Every structure is written in structure tokens, then in C-alpha cells.
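# Coordinate analysis (summary)
Chain residues, written in single-letter form:
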Amino acid sequence: MNSITLTQPDDWHVHLRDGKALARTVPDIAKQFSRVICMPNLVPPVKTVDEAIAYRQRIMQHAPEGSAFDPRMVLYFTDHTPASEVQKIKESAHVNAIKLYPAGATTNSDSGVSDIRKVYAVLEQLEKHQVPLLLHGEVTHSHVDIFDREKKFLDDVLFPVIQQFPELKIVLEHITTSDAAHFVLEQKQNVAATITPQHLLFNRNDLLVGGIKPHFYCLPILKRQSHQTTLLEVATSGNPQFFLGTDSAPHAQHTKENACGCAGCYSAVTAIEFYAQAFDQVGRIERLEGFASHFGADFYGLPRNTAQITLVKEDHIVPERLDYLDDQSIVPLYAGKTLQWKKV
Ligand code: DOR
Ligand code: ZN
């Protein structure tokens, strides 16, 4: 197959940041996707519906003229989120979910939840109102190995939450292990997962063999190849519990090429082409539409898009660098390398 036409895809997990960064991130993502779930880990974080609506307005100032771009907002869950905020999310036309970062798990997560048992009253409201809980699924204890943090989260945190709140809608974001894939497969349809392009296309050898490659460093960290293989299997299986979430996150070049480099891969410019490449590599390009364009909307209870996009099999090169802020640059994921699929 040399060409494929899909329903316009959506990105159910992206970092756009704020201020001048939006001039880079918003046009990039809007060229690829219609709806995008905007992560709330700003400094300070987006904690209330009112703050989320104000953030959405700042994002919309950079939306391309005449585009169908529709940012969907998410609140940042803290130890102090009032249960009453859930009702406000339910009533909001633009806010769709709440994101839980275990405190300290990743970029700007210091105000995250310190112990999930402290916020069970809010989870009860989320279950009642069927508002999705989005999870960064890693524990943060210093004694737990970085490669085991996702599995430990499933066993110690998520399993008890699901026992207590069996109807809670949950998205386990950016899964990276076969443990997480199998965990989701064992749950009902109210538990789903997003998968990033980097976790489908790469593994920890890409990050570490032959020298440290900081532009492959993200959290949760890339795992061994057997996990990548399972993620490809479930993403391309046609199971609606798995859908697209890029986790595209801008970090200036000098903050990644650094003795203490930041976590995050910037994939926004060529995201759908990355996914097409991954699906085609396992002979499943015909399954891309469900994963990229249908299952996420269905999970969130939003209508599927009606516009379409076309991808053709044609080599093109990912840009070496992109302008960012006033005088900085971003090195995108797979910079300077060739992709086989191109959005026309
Ligand atoms: O690699 C990551 N970067 N993982 C996250 O969870 C956050 C993100 C960011 O905000 O840069
Ligand atoms: Zn993220």
C-alpha cells in the first residue's frame, strides 16, 4: 500500500507549554491533529477549570486561521484538589479530564499527588461523574529502579485503585512495558492506555548504545526491545483500549544536551508519520486509523472527526532543528533521519 486516507487524527497527550513557546508548539501540532489533550504541567500548574479556560484562550491565539484545531484541557491533580472541582469539569465545554502525576515523577511534577490514598474522595467523584483520570504511571521511591517504576505503579497503586473504583475511567498514559499492556488487557473497557511514537519505534539501545543520545530520553524511559515488541502488538491489534498520545514535549537543545538533560521528545512536527512508520513496519498500516482517529474519541465520549488526511509512502527527512523561543532551538525526535511516510 503506497497511500492511506484516514479520519483526521487526534492527539490525546501533548505538552504545549505557555507564553512564547506556544508560537512553536501550537502550529506544529495543529498541522497534524484536530483535538489535542493539553497537559497541565505548567509552572505554576493548571489546577482549576477557570485556569484551564484561560490557558486554552492563550493556546487559541496561535491556532492556524481556519483550522479545526480544538485543544481539550486537563486539570493538574494535587493533594488539595477539592472534590467539588470534578462537577465543574463535568459541566465544562472544554475541560475533559484530570491528570495525576505522582509528586516528583517527571518535568514540573513537584505539586503532584504525594499519596493516592489521600485523594480517594476526589476519585469517588470522578467515578460518579465518569470524568477520566489520566495517570503518569510510575512510582517515585528512590529505591525503585527507574526501569521498574511503571510495573511497581501497576502493582502498588493502580491495582488497589481499580479494586476500590471499578467503574472509574482511567487512561494509563504513555505506557512503556509489556506489564502495562497486559495489565490494560486484563481490565474492562473503562481502562485504556496511550502509546507514544518513541516507545513504538525505539528501545533503550537507541538511547544508550554507542553513547548517550539525550534526544531519546523521556519519562517513562525507553525500555528493552521485548517491551517495544509488545507495545507494537497491542497498538496495532485493533483493540480500542490503546490509542494515540504523542507526549510531544518541547525542551530547548541546550537543556537536553546537558550534564543533567531534561526528559521529553519533541515529535509534534512529524507525529502521524512516525506512527505510520511503526504500523507499516509490522505490516499493519490498515490498523492506524482506529488507533489514531477513532478509539480516543470513543473513550472520551466525543464524536469522531469527519475531515480526512492522506499519507503517502514517500521518503522525507525529519528537520535537524527547529526555532524555539527567541534565540533557542529544539532538536526533534529522529532529527535528520529519513521517514518513509509523509502527510500530504
Ligand atoms: O518525557 C517526559 N516529558 N515525560 C513527561 O512525563 C513529561 C514531559 C515534559 O513535560 O517534558
Ligand atoms: Zn506527558
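Going by an unreviewed UniProt entry, the protein chain carries the name Dihydroorotase and comes from Acinetobacter apis. Quoted verbatim from the Sequence similarities (unreviewed entry) heading of the UniProt record, the comment on the protein chain is "Belongs to the metallo-dependent hydrolases superfamily. DHOase family. Class II DHOase subfamily." In its Subunit (unreviewed entry) section, the UniProt record describing the protein chain reads: "Homodimer."

Looking only at helices and strands, one finds 12 helices and 13 strands in the protein chain. What you see for the protein chain is a C-alpha radius of gyration of 19 Å, in line with the 20 Å of a compact globule of 344 residues. If one aligns the C-alpha atoms of the protein chain with their principal axes, the spans along those axes are about 50 × 45 × 40 Å. Burial status across the protein chain gives 59% buried among its 344 residues. Summed over its atoms, the accessible surface of the protein chain is roughly 13900 Å², and 48% of this surface lies on carbon and sulfur atoms. Averaging the positions of the 33 positive and the 40 negative side-chain charges in the protein chain gives two centres separated by 0 Å.

This part covers the UniProt feature "binding site: substrate" (unreviewed entry) in the protein chain. In this structure's numbering, the residues bearing the UniProt feature "binding site: substrate" (unreviewed entry) are H15, L16, R17, N41, H136, L219, H251 and A263. When only the residues just named are considered, the largest cavity is lined by H15, R17, N41, H136, L219, H251 and A263. Setting aside residues no more than four positions away along its own chain, R17 makes contact with L22, N41, L42, Y55, T107, A249, P250, H251 and Y324. A polar contact is formed between the side chain of R17 and the backbone oxygen of P250, at a distance of 3.3 Å. Within the secondary structure layout, L219 lies in the loop between α8 (204-208) and α9 (225-235). Since its relative accessible area comes to 15%, L219 is described here as buried.

Surveying the vicinity of ligand 1 reveals 14 residues, the closest of which are R17, N41, L219, H251 and A263. In this structure, an oxygen atom belonging to ligand 1 sits 2.7 Å away from a side-chain N or O atom of R17. Contacts to ligand 1 include A263, whose backbone N or O atom sits 3.0 Å from a nitrogen atom. Coverage of ligand 1 by the protein amounts to 100% of the 290 Å² it exposes when considered alone. Of the pockets mapped on this structure, ligand 1 occupies the largest cavity.

So, on to the coordination of the zinc ion (ligand 2). On the protein side, the zinc ion (ligand 2) has H13 (NE2), H15 (NE2) and D247 (OD) as donor atoms, found 2.0 to 2.1 Å from it. Positions of the donor residues of the zinc ion (ligand 2) along the chain correspond to the pattern H-x1-H-x231-D. Both residues of the pair, H13 and H15, count as buried.

Let's shift gears to the layout of surface pockets. The volume enclosed by the largest pocket comes to roughly 340 Å³. Contributing to the lining of the largest pocket are 17 residues, with S114, D115, I116, H141 and V157 lying nearest its centre. If you tally residues by element for the lining of the largest pocket, the top one is helix α5 (residues 149-164), at four residues. Roughly 230 Å³ of internal volume is contained in the second largest pocket. Lining the second largest pocket are 16 residues, and of these K90, N96, Q130, P132 and Y300 lie nearest its centre. Where the lining of the second largest pocket is concerned, the elements lending two or more residues are α3 (84-91), β5 (95-100) and α12 (288-300). Split into classes, the residues belonging to the lining of the second largest pocket amount to eight nonpolar, five polar and three charged.

Cut-off values and rules
- Residues numbered from 1 in each chain as written.
- Chains lettered and ligands numbered in written order.
- Predicted model: local features only at pLDDT ≥ 70, side-chain atom pairs only at ≥ 80, totals over all residues.
- Heavy atoms only, no water.
- UniProt positions renumbered as here; feature names shortened; annotations may be inferred.
- Helix = DSSP H or I, 4+ residues; strand = E, 2+ residues; numbered from the N terminus.
- Rg over C-alpha atoms; globule rule 2.2 N^0.38 Å.
- Buried < 20%, exposed > 50% of the residue type's maximum accessible area, 1.4 Å probe, protein only.
- Areas by Shrake-Rupley, 256 points an atom, 1.4 Å probe, with all protein chains shown as cover.
- Lys, Arg positive; Asp, Glu negative; His and termini not counted.
- Charge placed at Lys NZ, Arg CZ, Asp CG, Glu CD.
- 1 Å grid on protein atoms, 1.4 Å probe; cavity = no way out; pocket = protein on both sides within 12 Å on 5 of 7 lines; lining within 4 Å.
- Contact = heavy atoms within 4.5 Å.
- Polar contact = N/O pair within 3.5 Å; in protein donor to acceptor, adjacent residues only side chain to side chain.
- Near = heavy atom within 4 Å.
- Sits in = over half its atoms within 2 Å of the grid points.
- Donors = N, O, S within 2.8 Å, 3.2 Å for Na, K, Ca; no water.
- Points joined across faces, edges and corners; volume = space filled by probe spheres on them.
- Nonpolar A, V, L, I, M, F, W, Y, C, P; charged D, E, K, R; others polar.

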